[in-house]
Each structure stands twice: as structure tokens, then as C-alpha cells.
Amino acid sequence: MSSVSLKGIYKKYAGGVVAVSDFNLEIEDKEFIILVGPSGCGKSTTLRMIAGLEEITQGELSIDGRLVNDVPPKERDIAMVFQNYALYPHMTVFENMSFGLRIRKMPKDEIRRRVDEAAKVLEISHLLDRKPAALSGGQRQRVALGRAIVRNPKVFLLDEPLSNLDAKLRTSMRSELIKLHQKLATTFIYVTHDQTEAMTMGTRIVVMKDGYVQQVAAPQELYENPANLFVATFIGTPTMNTAEGTLTREGSKTYLSFGGAKVLLPEDKGNKENVLTYDGKKVIFGIRPNFIYADEESLAANPERLVDVQVELTELLGAETNLYFSVGDIQFISVVPTGSVHCKMGDTIKLSFDTDKIHLFDPEDEKTITN
């Protein structure tokens, strides 16, 4: 078992700076947990507290039910992989990977077995006699992972391990890490500022901002049901379109008006008790670019979802096209199949807003009012 429990965790520095506030999370055995958020949100500090590299100011941290607040890092049975790999330049790959085991005075036969086994999993057996200077960035990253694997830790901690790699290698290494997690069948806690990494790798994602947890959920749940405006705009590429609008009731129907346009909300959304309290009031609404349609079937399906828009720019991306447009003075982006719309800058066309997928947020606290 390799469960991790964080209860009411705080990190406060001298001078009153609070890096992490009231962090609560139960991580189950074999989960792949992602901590994601912008720079300075407290995700790496949280990881370092789990590792024992940062002292916990307040709260309880347990690994497998054992309170470890005051337990030294080397006794927590965790392994950490850093952003900069932290390899010893004068040592071979084998010596780097076996260093921690040699410090523990493990028998040579067992060291060789563990290193060979890890090298085989990572496909770096042919590199064991090389030194880090002779390796590519991806190979160095594998060595750093191998050094962690040979220890058979209860928990792997990874702090932005792919950020120094180029885009193509980063994509391939994401797949390798997912496979590695499945092979090792242990708990991974992974820090990144890249929401694409978070969405493709994690079983659950912890979204952080300003030291606070904003939402904890599976990737699809975060995408479809964000708890607040920050999560909604942080998750998803291109980012969610957001703007101010007004809700109005007309008989039994609820409409959203913005930029001179008006669309009908679906009954299950427009008649929610919470939504009804905003009748005649301003809200912030959001809709993802792939839920604004240009195809003929969508345009013909529901006239009360159609909006007249002015085309600002088209951006061809192969099978898809980014369509930039405005509704009044509000700017939007739509991702449509290439060839589904024929227009040029300045044209006025109709697009269909999928109101089933529209999110509504309170303009004051920015929390969702539709989930």
C-alpha cells in the first residue's frame, strides 16, 4: 500500500507569506495525482512538504497511515525526480542509478539486479556505461527516473520532470510515464504548470491557485464541470470563451443575452433553482471553442441557438480551423472542422452556440451556478 493523506496542511514563511493554505487531499494507493496551476500557486511547495524537504507549518501528513510530519526524508520511503535531473556528471549512468543503493550498503548482486531491471523498463540498458554529458535530454530524464525506480519507493514525487524537454520529446515522454506508472503499480504525485500534461496523465487532478485548492476531480470532470471560473479557463486548449451576459425569463424560458445576441438555455439548465435567482441579473458565462458550431446540421437544428457574428480571422490547423469572431464588442474563438465554413475577414455569418455546454458563473465570487 502507498496511500498519502494531507489534512489541513499550511506552509507559512517568515514575514507572513503563506504559500499553501488548508490543503486537504486523500491519495489512494496506485493513483496518478497531478498538482497543476500557475507559477507561485504552491504546487511544488506541497510536493516538497510531502518529500520532507520543506517543513510543514500546520496540519498532518501521513503515508500509509503513519504520521510523517517529523520523519526525515530518507525514512519516508519516497523518491523524487526533479526538473533539472540532478545527475552526478562524473559518474556513469549505472553509478548514478545505483548511488542511493550503495549508500545504503545494499549487496552488489542486488544493486546490479535492480539497476538492470530498471534500465530494461526504461530502455536505457545500452547507456549504463555512459556519463550524463553524452546523453540527450530525454535519456537524462530516464536516468533520473531509473535512480528513483531502483529504490522501490512507496511513492514517486515528480516535480515538472518534462519541462526541460522539447515539445516532441515531451509528448513521447508523457506516454512513457503513463506506461511506467502502470508497470510499477505504485503511487505517483506529479507537479506541472502544463494543463495538457495534467489532462492526459492524471487519474485525478488537483487545481491550485494562490496556495488554495480550487478543485479536485478526474480530468473529464474538470473539463465538463469546473467548480469556478479559474478552473474553467485554466483547463482546456484553446481556453474557454468567457464574457459578461444577462439572464432573463420569458414565460417558462430562460435566455442569455450578450453583445446584442440572445440564446435560449436548455430547460434543465434554465429552470434550475439557483439559476432562476439570477433573473434580470448579470452573470459571467463560458463556452468552450469546440461547442460553437458552423456545420449545416447544427445551424438548422435550433434557431434559438443561432448568433450573428463578424469574422475577425481564420487560422488553418490542418483538420481543424480556429475561427476568431466578435459578437458586438465581445471576442470569441471557435474550433471548427476545416471546410465546414467558408468566410473571410469582415464577413457576417451565423454560428450555433451549444447552450447545453454553456457554463454560468457568479460575477462576484466566480463560482459556478450551473453545476
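Residues numbered from 1 in each chain as written. Predicted model: local features only at pLDDT ≥ 70, side-chain atom pairs only at ≥ 80, totals over all residues. Heavy atoms only, no water.

Asker: What am I meant to see in helix α1 (residues 43–51) here?
Answerer: For α1, the buried fraction is high: seven of the nine residues fall into the buried class. Of the positions making up α1, those classed as buried are Lys43, Thr45, Thr46, Leu47, Met49, Ile50 and Ala51. The positive-phi residue at the C-terminal boundary of α1 is glycine 52, with phi of around 90°. (Buried < 20%, exposed > 50% of the residue type's maximum accessible area, 1.4 Å probe, protein only. Helix = DSSP H or I, 4+ residues; strand = E, 2+ residues; numbered from the N terminus.)

Asker: Please explain the packing of aromatic side chains as it appears in this structure.
Answerer: In this description, a pair of aromatic rings is defined by centroid distance and the angle of the planes. Considering all chains together, one arrives at twelve aromatic pairs under this definition. Feature note: the residues Phe258, Phe285, Phe325, Phe332 and Phe353 constitute an aromatic cluster, connected by ring pairs. Its end group placed over the ring of tyrosine 10, lysine 12 keeps NZ or CZ at 5.3 Å from the ring centre. It is lysine 262 that lies over the ring of tyrosine 255; its NZ or CZ is 4.7 Å from the centre. (Phe/Tyr/Trp six-rings, centres within 6.5 Å; stacked < 30°, edge-to-face > 60°. Lys NZ or Arg CZ within 6 Å of the ring centre and 35° of its normal.)

Asker: What is the right way to look at the side chain of glutamate 31 in this model?
Answerer: With respect to the secondary-structure elements, glutamate 31 resides in the loop between β2 (18–27) and β3 (32–36). On the basis of relative accessible area, glutamate 31 is assigned to the buried category, the value being 10%. Within the structure, the side chain of glutamate 31 is placed 2.9 Å from the backbone nitrogen of glutamate 28, a separation counted as a polar contact. Once residues lying within four places of it in the same chain are set aside, the contact partners of glutamate 31 are Glu26, His181, Thr186, Thr187, Phe188, Thr203 and Arg204. (Polar contact = N/O pair within 3.5 Å; in protein donor to acceptor, adjacent residues only side chain to side chain. Contact = heavy atoms within 4.5 Å.)

Asker: Is there a simple way to think about the nonpolar core in this case?
Answerer: Membership of the largest hydrophobic core comes to 47 residues, with the highest contact counts inside it found for Ile34, Met97, Leu145, Leu158, Leu177 and Tyr190. Apart from the residues within four sequence positions on either side, isoleucine 34 is in contact with Tyr190, Thr192, Ala198, Met201, Gly202, Arg204, Ile205 and Val206. By size, the runner-up hydrophobic cluster in this structure holds 31 residues, among which are Leu265, Phe291, Leu323 and Phe353. (Core = buried A, V, L, I, M, F, W, Y, C linked by side-chain atoms within 4.5 Å.)

Asker: What should I look at first to understand the sheet that holds strand β7 (residues 155–159) in this one?
Answerer: The strands that make up a sheet are held in pairs by hydrogen bonds between backbone atoms, and each pair lies either parallel or antiparallel. Across the sheet, six strands lie side by side as β6-β7-β8-β3-β9-β10; this open sheet has mixed pairing. Looking along the sheet, the strands with just one partner apiece sit at the ends: β6 (78–81) and β10 (212–217). Taking the axes of each pair of neighbouring strands and ignoring which way they run, one obtains an average angle of 15° across the sheet. Both β3 and strand β9 (residues 204–209) contribute to a ladder of four bridges, which runs parallel. Bridge pairing in β9 links isoleucine 33 to arginine 204. Helix α4 (residues 137–149) contacts β6 and β7 of the sheet and is inclined by roughly 170° relative to β6. (Pairing = 2+ DSSP bridges. Axes fitted to C-alpha atoms, helices over the stretch in contact; angles between N-to-C directions.)

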